[in-house]
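Observations on the three-dimensional arrangement
Next come the chains, spelled out residue by residue.
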Amino acid sequence: MGLLDILLGRSKPVAPDLDQLFALPSAAVTLEAAAGFTPTGQGAVCFATVEGSAFEQTHREVQALLDADTERTGPPVRLLRDDYGYSWLVSLRSPGELPQLVNDLHAVNSAMEANGFGPQLLCSLAGFEDRDGRRLALVYLYKRGSFYPFAPLPGGGQRRDSSLELQVRAALASDLRTEPDLGRWYPLWGAPGL
């Protein structure tokens with residue numbers, strides 16, 4: 001960053017660090033001890049929908065790679081579109097397979113990035129739930145290289161449990177690189193994997 005950038009207030013964007021995803025299994029142990037949340041086995045990668053044969057080929061390669069996992073049980077990886085026009089590649093594992101789910105999320109992000117679709121990547125999430133049925137997602141912001149918790153309130157509607165989110169942020173401060181700007185803690189209403 002040069003002097004002109006400093007004077008004009010420009011900042012260098014944070015480079016994505018996909019290896020941050022591998023911190024999720026240890027963060028899950030802390031999250032269970034601190035707040036009683038355990039993994040659901042559901043996760044997803046969100047990206048801006050792109051039309052064209054190169055993107056379709058990348059999607060097929062990623063899906064074939066993940067579906068080739070002989071230890072995978074249950075439904076295969078699937079592609080969904082949400083009401084806002086974004087695409088989600090959703091992986092379902094058993095709740096005890098968080099490391100394998102993280103590998104799936106990392107593989108999707110890496111393949112998209114390697115094929116030139118890194119700018120379309122938005123976020124990845126892993127789902128958690130407590131004994132009372134409250135849901136929580138740990139969301140990785142691709143372009144920021146950081147995580148934030150998202151906790152929708154049960155019962156429908158678009159309301160979130162902000163106090164739980166702040167409690168989770170404090171509990172995971174030493175486990176995950178947390179997004180400091182609360183304005184970037186975007187709600188993911190109806191996100192698959194949550």
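Attention in this report is confined to the structure presented alongside it. Owing to the predicted nature of the structure, the values given are computational and were not obtained by experimental measurement.

Comments concerning the packing of helix H3 (residues 53–67) against helix H4 (residues 98–114)
The geometry of H3 relative to H4 is characterised by a closest axis approach of 10 Å and an angle of 155° between their N-to-C directions. Taken together, the axes of H3 and H4 lie roughly antiparallel to each other. Crossing geometry of H3 relative to H4 is assigned as right-handed. Taking contact as the criterion, the partners of Phe55, Thr58, Val62, Leu65 and Leu66 in H3 are, on H4, Asp104, Ala107, Val108, Ala111 and Met112. Along the lines of polarity and charge, the residues of the contact of H3 with H4 split into eight nonpolar, one polar and one charged.

Quick notes on the pairing of strand E4 (residues 121–129)
Extensive coverage of E4 is indicated by the burial of seven of its nine residues. Where strand E1 (residues 38–48) and E4 come together, seven bridges link them in antiparallel fashion. Bridging across to E4, Phe47 finds its partner in Leu121. Here E4 runs beside strand E5 (residues 135–141); their pairing, made up of seven bridges, is antiparallel. When the bridges of E5 are listed, Gly127 appears paired with Ala137.

Here we look at the environment of Asp82
Mapped onto the secondary structure, Asp82 falls in the loop between strand E2 (78–81) and strand E3 (86–92). Once the C-alpha coordinates of Asp82 and Gly190 are considered, the two residues, 108 residues apart in sequence, prove to be 7.9 Å apart. Reaching out from Asp82, the side chain makes a polar contact with the backbone nitrogen of Gly85 at a distance of 3.0 Å.

Things to note about the pattern of salt bridges
Within this structure, the stated rule accounts for seven salt bridges. As a salt-bridge pair, Arg135 and Glu129 come within 3.4 Å of each other at their nearest N and O atoms. Look at Arg135 and you get partly exposed, because its relative accessible area is 21%. The exposure class assigned to Glu129 is partly exposed, which follows from its relative accessible area of 29%. Put simply, Asp130 and Arg134 hold a salt bridge, and the shortest N to O gap is 2.7 Å.

Quick look at the sheet that holds E5
The antiparallel open sheet is built from six strands, whose spatial order is E2-E3-E1-E4-E5-E6. Across the chains shown, the open sheet's two edge strands, defined by having one partner strand only, are E2 and strand E6 (146–150). When the angles between neighbouring strand axes are averaged without regard to direction, this sheet yields 25°. Set on the sheet, H4 makes contact with E1, E3 and E4; between it and E1 the angle comes to about 5°. Running at roughly 140° to E6, helix H5 (residues 162–171) makes contact with E5 and E6 of the sheet.

Some points on the packing of aromatic side chains
A full pass over the atoms with the stated rule returns three aromatic pairs. Arranged with centres 6.0 Å apart and planes meeting at 20°, the rings of Tyr148 and Trp185 form a pair that is stacked. Of the two residues, Tyr148 is situated in strand E6 and Trp185 in the segment after H5; the sequence distance between them amounts to 37 residues. Just as Tyr148 is buried, Trp185 falls in that class too. On the basis of an interplanar angle of 75° and a centroid distance of 5.2 Å, the ring pair of Phe150 and Trp189 is categorised as edge-to-face. In this pair, Phe150 sits in strand E6 while Trp189 sits in the segment after H5, placing the two residues 39 residues apart along the sequence. Looking at Phe150, the relative accessible area reads 0%, which means it is buried.

Here's the deal with the side chain of Ser91
Counting through the fold element by element, Ser91 comes out in strand E3. Engagement of the side chain of Ser91 in a polar contact is seen with the side chain of Asp104, the distance being 2.6 Å.

Cut-off values and rules
Residues numbered from 1 in each chain as written. Predicted model: local features only at pLDDT ≥ 70, side-chain atom pairs only at ≥ 80, totals over all residues. Heavy atoms only, no water. Axes fitted to C-alpha atoms, helices over the stretch in contact; angles between N-to-C directions. Helix = DSSP H or I, 4+ residues; strand = E, 2+ residues; numbered from the N terminus. Parallel < 35°, antiparallel > 145°, perpendicular 65-115°, else oblique. Left-handed = near helix turned anticlockwise from the far one by under 90°. Contact = heavy atoms within 4.5 Å. Nonpolar A, V, L, I, M, F, W, Y, C, P; charged D, E, K, R; others polar. Buried < 20%, exposed > 50% of the residue type's maximum accessible area, 1.4 Å probe, protein only. Pairing = 2+ DSSP bridges. Polar contact = N/O pair within 3.5 Å; in protein donor to acceptor, adjacent residues only side chain to side chain. Salt bridge = Lys/Arg side-chain N within 4 Å of Asp/Glu carboxyl O. Phe/Tyr/Trp six-rings, centres within 6.5 Å; stacked < 30°, edge-to-face > 60°.

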